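So you can see what is in the structure, the chains are spelled out below.
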Amino acid sequence: MRNKIILTAILAAGVFIAKAQKPEDTEVWTPEPPVVTPGAICPAPPPSDAIVLFDGTNQDQWVTNKDRTQPADWIIKDGIWTVNKAGSGNIETKKSFTNYQLHVEWKVPASITGSGQARGNSGVFLASIGKGDAGYELQVLDSYKNKTYVNGMAGSIYKQFIPLANPTRPPGEWNVYDVVWTAPTFNTDGTLKTPARVTVIFNGVLVENNVELKGPTLYIGQPKYVAHGPSPIKLQAHGDKSEPLSYRNIWVRELP
Ligand code: MG
């Protein structure tokens, strides 16, 4: 009897330990994707049917994620758009999207400091499904000679898909994401019908090849789908102490 009680206590403790999840539980560190030196950037002005989300002159297409009645408050200077770390945080588009092609350019400052996840961290949430970091994050990070868990480096679908290669340009140079996003669909009872899918070309190099997401991207724990409809695109103001990074030339083409 006594042994049975002890065994029950041990099993209960085991369950408790298993449930106490940590961020490290979902980090993958090896193998590292091969480093690829990208070709030259070709200027990619928006095609005629694109919705221009940022053209260097204004942030009228954006609101704060904290309060969608408030205009975005990042900093525009000389045609480039810099994360406002002292401001209201993440920003997102006024408009909601379902399936689309997206073009985004980003650059970490040449004088960037910090390491790992605390070095030029931002993110493109391909669908923002709530406050803070709720959604599906395509990671933005200085991954040029900057080691971190590989499912959290630039070009990763955060903690779900490791990029196939690492074509990150050095700090001070522009990087380009071209993304094809297929939103998840849900049955009327809220269960998942078809998962989200994404293809990402990073500086002209394929890094995510039509991968099926496991759910929204999470810092801690395992992803799980929650039903949602058309969603804004969100940019992350990450809380690390490194110098803020910048964006330019953002456009989207809606797909059927
Ligand atoms: Mg991020």
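Cut-off values and rules
- Residues numbered from 1 in each chain as written.
- Predicted model: local features only at pLDDT ≥ 70, side-chain atom pairs only at ≥ 80, totals over all residues.
- Heavy atoms only, no water.
- Donors = N, O, S within 2.8 Å, 3.2 Å for Na, K, Ca; no water.
- Helix = DSSP H or I, 4+ residues; strand = E, 2+ residues; numbered from the N terminus.
- Buried < 20%, exposed > 50% of the residue type's maximum accessible area, 1.4 Å probe, protein only.
- Salt bridge = Lys/Arg side-chain N within 4 Å of Asp/Glu carboxyl O.
- Core = buried A, V, L, I, M, F, W, Y, C linked by side-chain atoms within 4.5 Å.
- Contact = heavy atoms within 4.5 Å.
- Phe/Tyr/Trp six-rings, centres within 6.5 Å; stacked < 30°, edge-to-face > 60°.
- Lys NZ or Arg CZ within 6 Å of the ring centre and 35° of its normal.

**Concerning the coordination of the magnesium ion**
Reasoning step 1: Within the protein, the atoms that donate to the magnesium ion are N121 (OD1), S122 (O), E137 (OE), Q139 (OE1) and Q236 (OE1), at distances of 2.2 to 2.3 Å.
Reasoning step 2: Coordination of the magnesium ion draws on donor residues from a single chain, spaced N-S-x14-E-x1-Q-x96-Q in sequence. Of the two residues, S122 is situated in strand 7 (residues 122-128) and E137 in strand 8 (residues 135-140); the sequence distance between them amounts to 15 residues. An identical accessibility class is assigned to S122 and E137; each is buried.

**Topic: the pattern of salt bridges**
Reasoning step 1: Inspection of every chain in the model, using the stated rule, returns eight salt bridges.
Reasoning step 2: Between K147 and E32 there is a salt bridge, with the nearest N and O atoms lying 2.4 Å from each other. Taken together, the positions of K147 in the loop between strand 8 and strand 9 (175-182) and E32 in the loop between helix 1 (2-19) and strand 1 (51-54) put the pair 115 residues apart, joining distant regions of the chain.
Reasoning step 3: K147 gets classed as exposed once you look at its relative accessible area, which sits at 53%.
Reasoning step 4: Residue E32 is classed as partly exposed on the basis of its relative accessible area, which comes to 47%.
Reasoning step 5: Salt-bridge contacts for R68 lead to E92; the nearest nitrogen and oxygen are separated by 2.7 Å. Taken together, the residues R68 in the loop between strand 2 (62-64) and strand 3 (75-77) and E92 in strand 5 (residues 91-93) connect sequence positions 24 residues apart.
Reasoning step 6: Residue R68 is classed as partly exposed on the basis of its relative accessible area of 38%.

**Quick notes on the nonpolar core**
Reasoning step 1: Grouped together as the largest cluster of nonpolar side chains are 46 residues, with contacts concentrated most on L102, V124, Y177, W181, Y247 and I250.
Reasoning step 2: Elements represented by at least two residues in this core include exactly strand 1, strand 6 (99-107), strand 7, strand 8, strand 9, strand 12 (197-202), strand 13 (205-212) and strand 15 (246-255).
Reasoning step 3: Top element by residues in this core is strand 6. It accounts for four residues.
Reasoning step 4: Among residues more than four places away in sequence, those in contact with W181 are T98, N99, Y100, L126, A127, Y136, A196, R197, V198 and L213.

**Let's talk about unusual backbone geometry**
Reasoning step 1: Following T30, the chain continues to P31 via a peptide bond in cis, the omega torsion being -5°.
Reasoning step 2: The topology assignment puts P31 in the loop between helix 1 and strand 1.
Reasoning step 3: For N203, which is not a glycine, the phi torsion comes out positive at approximately 50°.
Reasoning step 4: With respect to the helices and strands, N203 occurs in the loop between strand 12 and strand 13.
Reasoning step 5: Accessibility expressed as a relative area gives 7% for N203, which makes it buried.

**A word on the packing of aromatic side chains**
Reasoning step 1: The final tally for this structure, using the stated rule, is 13 aromatic pairs.
Reasoning step 2: Each ring, one from W74 and one from Y247, has its centre 6.2 Å from the other, and the planes form 25°; the classification is stacked. Residue W74 is located in the loop between strand 2 and strand 3, and its partner Y247 is located in strand 15; the two are separated by 173 residues in the primary sequence.
Reasoning step 3: Given a relative accessible area of 0%, Y247 falls into the buried group.
Reasoning step 4: Each residue in the set F54, W62, W74, W81 and Y247 is aromatic and connected to the rest through ring pairs, giving one cluster.
Reasoning step 5: When the ring centre of F125 is taken as reference, the NZ or CZ atom of K234 above it lies at 4.8 Å.

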